[in-house]
Amino acid sequence: MNINFQSVNYNADIKLIEFAKKRIKKINQFYSNIIDVFVYTKVENTNDRINKLVELKIGIPGEDVIVKKVAKTFEEAINSAGNSAERVLKKIKSKKQF
């Protein structure tokens, strides 16, 4: 599994990148055929404090799974997106077994 991290309109520190990679590696337990994962992080220009956007694009054979989450911090958004991705991948895996 190849993990690519991209920050849009800001410079991400190494702690955030390592946190994202560590969290995304856990997804591999739920679906073993993941080819690559693209992690896009962005700060949206809003007056609201909940402005950290994380988008996961998970490449699996046959299709791509895209999960987007917004939270107060990037860590929260990455965890939330990871949890959603796990649920989606479990569904896809169960459908392919039949």
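Structural data are supplied above this passage.
Just so it is clear, the model here is predicted, and its values are computed rather than measured. (Residues numbered from 1 in each chain as written. Predicted model: local features only at pLDDT ≥ 70, side-chain atom pairs only at ≥ 80, totals over all residues. Heavy atoms only, no water.)

A.B. asks: Help me out: how do you make sense of the sheet that holds strand E1 (residues 2-8) in this one?
C.D. replies: Whether parallel or antiparallel, the strands of a sheet pair through hydrogen bonds between backbone atoms. The four strands are arranged E1-E2-E3-E4 in an open sheet whose pairing can be described as mixed. Each end of this open sheet is capped by a strand with a single partner; those strands are E1 and strand E4 (63-71). The sheet shows a mean angle of 15° between the axes of neighbouring strands, taken without regard to direction. Summarising the sheet, E1 and strand E2 (residues 36-43) pair through seven bridges and their orientation is parallel. In the strand pairing of E2, Asn-2 is matched with Asp-36. Contacts from helix H1 (residues 14-25) reach E1, E2 and strand E3 (52-60), with the element oriented near 140° to E1. (Pairing = 2+ DSSP bridges. Helix = DSSP H or I, 4+ residues; strand = E, 2+ residues; numbered from the N terminus. Axes fitted to C-alpha atoms, helices over the stretch in contact; angles between N-to-C directions. Contact = heavy atoms within 4.5 Å.)

What is shown is where atoms sit, not what they do.
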